[in-house]
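Residue-level listing of the chains:
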Amino acid sequence: MFFTHDTEAALGFVAALADTTPEASDSGDDELATQAQLTALLDAWKYSGRRDGGDVELDEVREVRTRLRELWLLDRDDAADAVNELLAEARALPRLVRHDDIDWHIHATEPDAPLARRILVEAAMALVDVIRADQMDRLRVCDADDCESLYVDLSKNASRRFCTTRCGNRMAVRAYRARAV
Ligand SMILES: [Zn+2]
Ligand SMILES: [Zn+2]
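Cut-off values and rules
- Residues numbered from 1 in each chain as written.
- Chains lettered and ligands numbered in written order.
- Predicted model: local features only at pLDDT ≥ 70, side-chain atom pairs only at ≥ 80, totals over all residues.
- Core = buried A, V, L, I, M, F, W, Y, C linked by C-beta atoms within 7 Å.
- Buried ≥ 20, exposed ≤ 12 C-beta atoms within 10 Å, placed from the backbone.
- Helix = DSSP H or I, 4+ residues; strand = E, 2+ residues; numbered from the N terminus.
- UniProt positions renumbered as here; feature names shortened; annotations may be inferred.
- Expected span 1.5 Å × (residues − 1).
- Arc of directions from axis to C-beta.
- Contact = placed C-beta atoms within 7 Å.

As annotated in an unreviewed UniProt entry, the protein is RNA-binding Zn ribbon-like protein from Agromyces ramosus.

Draft legend 1. Examining the nonpolar core more closely. Counting residues in each nonpolar core, the largest one holds 39 residues, and the members touching the most others are Val-14, Ala-18, Leu-68, Leu-120, Ala-123, Ala-124 and Leu-127. Ranked by residues supplied to this core, first place goes to helix 5 (residues 115-132) with 12 residues.

Draft legend 2. Geometry of the UniProt feature "domain: Zinc finger CGNR" (unreviewed entry) in the protein. Under the UniProt annotation, "domain: Zinc finger CGNR" (unreviewed entry) lies at residues 138-179. Split by type, residues 138-179 is 36% helix and 14% strand. Its first and last C-alpha atoms lie 30 Å apart.

Draft legend 3. Local environment of helix 3 (residues 55-72). Between its first and last C-alpha atoms helix 3 spans 26 Å; for 18 residues at 1.5 Å apiece the expected length is 26 Å, and the two agree. If you check which residues of helix 3 are buried, you get Leu-58, Val-61, Val-64, Leu-68, Arg-69, Leu-71 and Trp-72. Seen from one end, helix 3 has its buried residues packed into an arc of 150 degrees, which puts them on one side. The exposed set on the far side of helix 3, more than 90 degrees from its buried face, consists of Asp-55, Val-56, Asp-59, Glu-63, Thr-66 and Glu-70. On its buried face, helix 3 sits against helix 1 (5-18), helix 2 (35-44), helix 4 (76-89), helix 5, strand 3 (139-141) and strand 4 (150-152).

Right, dumping it as structure tokens:
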């Protein structure tokens with residue numbers, strides 16, 4: 001295990017959320033355009049706590065999506081500043097919790113805080129771990145020409161370049177064709 005389980009899960013969720021943009025999604029569409037799409041994403045990641053289900057919440061989460069994508073790509077020092085700012089702004093208060101079938105992990109917001117704030121703070125807490133471990137370069141964007149998908153490189157030698165093997169294969173075919181002409 002590279003990071004703790006809750007950190008890896010939080011990073012996975014951030015990547016999934018950020019990858020709903022047209023530049024990164026499988027469909028090429030904005031996959032966070034409707035309330036139903038937000039619900040599906042939250043359910044897929046077993047996201048606990050308050051959900052209002054209105055347009056306000058959807059807009060706030062879409063805004064957070066943009067912020068988190070930017071945060072993902074910062075260098076370590078800038079990321080540290082951004083995380084500090086974000087935790088202060090959200091008045092984050094870390095505590096250990098155990099709920100559903102998930103063993104002790106950190107929450108830094110109340111379960112009834114607005115969804116967008118909880119997503120932001122959970123991401124910030126995961127980044128605290130990544131920054132402390134000096135692993136910001138594990139947070140990557142896919143190397144494929146036409147893909148902006150985010151992923152966490154958990155490979156042993158930090159050598160992963162593509163979000164999926166699909167992108168890897170696609171680029172390998174392209175490179176092969178380029179050599180063949
Ligand atoms: Zn939890
Ligand atoms: Zn990709």
